[in-house]
Amino acid sequence: MLRMRGCACLLVGAMCIMASIVGAKHSYADEAKAEKRPNIVIIYTDDHAYQAIGAYGQKLLPDQESPTPQLDRLAREGMTFTNCCVPNSICGPMRAVVQTGKYSHKNGFLTNDGKGFDNTQTTFPKLLQKAGYATAIIGKWHLKCDARPGFDYADVLIGQGPYFNPPMIQNGTRVVRQGYTTEIITQLSIDWMERGRDPSKPFLLMCHHKATHRNWIPTPKYYDRFKDREFPLPETFWDDYSGRGTAARTQDMTIARTMNANDLKLNGPPNGLSEAQKKDWHDMYDSRVREYQELRERGASEKEMTQWKYQCYMRDYLAVAAAVDDSVGEILDYLEKSGLAENTIVIYSSDQGFYLGEHGWFDKRFMYEQSFKTALIARWSGVIASGTKSDAIVSPIDFAETFLDVAGAEIPRDMQGASMLPIWRGEVPQDWRTSFYYHYYEFPAEHSVKRHEGVYDGRFKLIHFYHDVDEWELYDLQNDPNELENIFAKPGMEPVVARMKAALVEQKKELGAPENPMDQKL
Ligand code: SGN
Ligand code: CA
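Student: So, the sheet that holds strand E4 (residues 134-139): which residues are in play, and what are the values?
Tutor: The strand order E7-E6-E5-E4-E8-E2-E9-E10-E3-E11 describes an open sheet built from 10 strands, whose pairing is mixed. Edge positions in the sheet fall to strand E7 (173-176) and strand E11 (388-390), since each of these pairs with one other strand and no more. Direction aside, neighbouring strands of the sheet carry axes that sit 15° apart on average. In terms of strand pairing, strand E9 (residues 344-350) meets strand E10 (residues 376-379) through 4 bridges, oriented antiparallel.

Printed below as a string of structure tokens:
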């Protein structure tokens, strides 16, 4: 995609030629090789909406009461990316994208429902390990394959994993730990940095939380943190989808209809809780069950019920995210205390974005903003300027190449992202991408979001729902940031449509995606 990047100056150009001779992409960090190679800590969450992060201008709480003080601290010390786009907005596939630096159609993991990840392929942890890094993954894996080559240490949840007392697979052996999963993953991560790894090597730690995934169960510590709060409804909460197509109308992910008793904690505690954990649960949620019964008894309207559900959803969601934020703080504190902070890159991101009531939804999958964009904050003392923002079109597909680059390791030519390192250093390369390809495949499936592909150029977004229906949508994010009006067929838009369609064709060609998306085997 960005094969020629960095060739603006002669010296770098010569290095590009050398790199192409040895079959690898140019590494911006060649000069960094001589220095001490940095450690890399990736804190990766599940379904954490950027709309719930202070540094992203969250509107749920008053400014001074940010739901994420620790993420905001990371942002103050690093760079916040406001245009981080995911290639396929769903969990397993995104993890495969991160591992391989390749689109789903190339790494073979297209949906959560498909076969497991082909772990014989090249991944960046394998390459970092080969380059002398100590490597670990702790927490959510969700790639549906049992072996995790490339990691010296793997201590992972089974499938989605529960919020409490998670069974985990620690280097191949099943262990059950008592407590709240976010806190357990944080502690295991700190323990590995403190005494699990080979201290003579630089390290890669992937700390992968289950939170903030459905069904959003908080740590008892935060059960009542937002208990009596009333959150503002997003502008598009009552969206009737009249400005869009069939897919937006036929999805099954509304707060009104899809959000169920389990999500709302009306069914009692989940299985596997201790007596004390059950008691905490009842102390918190019994009053909610009573509230629900009262609403039913007095025949509350669907509108009132939906608003009530939204309030429950936000109370739980933000409380779950508060433990994630604590995790970030604890890891940052540990790095400082241990003297590792200076030479350790810290990345925060989520596998994809999430709807917090926008368009009346929860879940993800669509190429619309809240699920197409995800949070990305990066800190690297001495390299990334503090408190900076970038609106460059970046993506988790760039992680692999970025980390290989900072480690001075070879970047395979068939990876499909680009190293973000120049952007971290404050300069967007002249040939940085100006458009981004998206493709979602999981249909028919839970939440009923139809298959679609599309392209985004920073202002316009062209989407093609090609399966089950044949519908095109075009949005102008500058004039319609909420994506309420499909202007694909609007008179006067023909040149934009033509340009975006050409960009889509070109992107697909470059990325080796089938010309006809129906030809893609799932
Ligand atoms: C579960 C959830 C869905 C969610 C998928 C995928 N249902 O099936 O709401 O979309 O995971 O999420 S639940 O009732 O089991 O919670 S993903 O993040 O793993 O892709
Ligand atoms: Ca997810």
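Student: Describe helix H6 (residues 181-196), listing the residues and the values that go with them.
Tutor: The end-to-end C-alpha distance of H6, which contains 16 residues, comes to just 20 Å, noticeably less than the 22 Å that a straight helix rising 1.5 Å per residue would cover. Within H6, the full set of buried residues consists of Thr-181, Thr-182, Ile-184, Ile-185, Thr-186, Leu-188, Ser-189, Ile-190, Trp-192 and Met-193. Of the surrounding secondary structure, the elements contacted by the buried residues of H6 are strand E2 (39-45), E4, strand E5 (153-157), strand E6 (167-170), strand E8 (203-208) and helix H10 (302-337).

Student: Kindly report on the site of ligand 1, identifying the contributing residues and their values.
Tutor: Lining the immediate surroundings of ligand 1 are 16 residues, of which Gln-160, Asp-363, Arg-365, Glu-446 and His-447 lie closest. Side-chain polar atom of Asn-112 to an oxygen atom of ligand 1: 2.8 Å apart, as the coordinates give it. Glu-446 has a polar side-chain atom sitting 2.5 Å from an oxygen atom of ligand 1. In the complex, 78% of the free accessible area of ligand 1, which totals 460 Å², lies under the protein chains. Taken together, the residues that form the shell around ligand 1 break down as 2 nonpolar, 6 polar and 8 charged.

Student: Break down the coordination of the calcium ion (ligand 2) for me, citing the residues and quoting the values.
Tutor: For the calcium ion (ligand 2), the full set of protein donor atoms is Asp-46 (OD), Asp-47 (OD), Asp-351 (OD), Asp-351 (OD) and Gln-352 (OE1), and the range of their distances to it is 2.1 to 2.9 Å. Bound by 6 donor atoms, the calcium ion (ligand 2) shows angles of 48 to 172° at the metal and therefore irregular coordination geometry. Classification of Asp-47 by relative accessible area gives buried; the value is 0%.

Student: Give a detailed account of the pattern of salt bridges, specifying residues and quantitative values.
Tutor: Enumeration over the complete set of coordinates arrives at 34 salt bridges. The partner of Lys-140 in a salt bridge is Asp-46, with the nearest N and O atoms 2.2 Å apart. One end of the pair, Lys-140, is in the loop between E4 and E5; the other, Asp-46, is in the loop between E2 and helix H2 (69-77), and 94 residues separate them in sequence. The pair Lys-140 / Asp-46 is uniform in exposure class, with both members buried. In this structure, Asp-457 and Arg-499 form a salt bridge, with 3.5 Å as the shortest nitrogen-oxygen distance. Of this pair, Asp-457 sits in the loop between strand E14 (452-456) and strand E15 (460-465) while Arg-499 sits in helix H14 (residues 494-511); the two residues are 42 residues apart in sequence, bridging distant segments of the chain. Look at Arg-499 and you get partly exposed, because its relative accessible area is 44%. Salt bridges here are not isolated pairs; linked through shared partners, they connect Asp-47, Asp-363, Lys-364, Arg-365 and Glu-442.

Student: So what's going on with the confidence of the model for the protein? Which residues, and what values?
Tutor: Counting all residues, the mean pLDDT for the protein is 94, and 93% of those residues have values of 70 or more. A low-confidence stretch, residues 1-22 stays under pLDDT 50, and its non-local contacts, those more than four residues away or across chains, total 38 contacts.

Student: So, the pairing of E2: which residues are in play, and what are the values?
Tutor: In terms of burial, E2 is a largely internal element, 7 of the 7 residues being buried. Burial of the side chains of E2 extends over both faces: Asn-39, Val-41, Ile-43 and Thr-45 are buried on one face and Ile-40, Ile-42 and Tyr-44 on the other. By the bridge criterion, 7 bridges tie E2 to E9 in an arrangement that is parallel. Bridge pairing in E9 places Thr-45 opposite Ser-350. Where E2 meets E8, 5 bridges bridge the pair, whose relative direction is parallel. Note on E8: the bridge partner recorded for Val-41 is Leu-205.

Student: Explain the pairing of E9 residue by residue, including any values.
Tutor: With 7 of its 7 residues buried, E9 lies for the most part within the structure. The side-chain alternation of E9 yields two buried faces, one formed by Thr-344, Val-346, Tyr-348 and Ser-350 and the other by Ile-345, Ile-347 and Ser-349.

Calculation criteria
- Residues numbered from 1 in each chain as written.
- Chains lettered and ligands numbered in written order.
- Predicted model: local features only at pLDDT ≥ 70, side-chain atom pairs only at ≥ 80, totals over all residues.
- Heavy atoms only, no water.
- Pairing = 2+ DSSP bridges.
- Helix = DSSP H or I, 4+ residues; strand = E, 2+ residues; numbered from the N terminus.
- Axes fitted to C-alpha atoms, helices over the stretch in contact; angles between N-to-C directions.
- Expected span 1.5 Å × (residues − 1).
- Buried < 20%, exposed > 50% of the residue type's maximum accessible area, 1.4 Å probe, protein only.
- Contact = heavy atoms within 4.5 Å.
- Near = heavy atom within 4 Å.
- Polar contact = N/O pair within 3.5 Å; in protein donor to acceptor, adjacent residues only side chain to side chain.
- Areas by Shrake-Rupley, 256 points an atom, 1.4 Å probe, with all protein chains shown as cover.
- Nonpolar A, V, L, I, M, F, W, Y, C, P; charged D, E, K, R; others polar.
- Donors = N, O, S within 2.8 Å, 3.2 Å for Na, K, Ca; no water.
- Tetrahedral: all angles 85-135°; square planar, octahedral: opposite > 155°, others 65-115°.
- Salt bridge = Lys/Arg side-chain N within 4 Å of Asp/Glu carboxyl O.
- pLDDT = per-residue confidence, 0-100.

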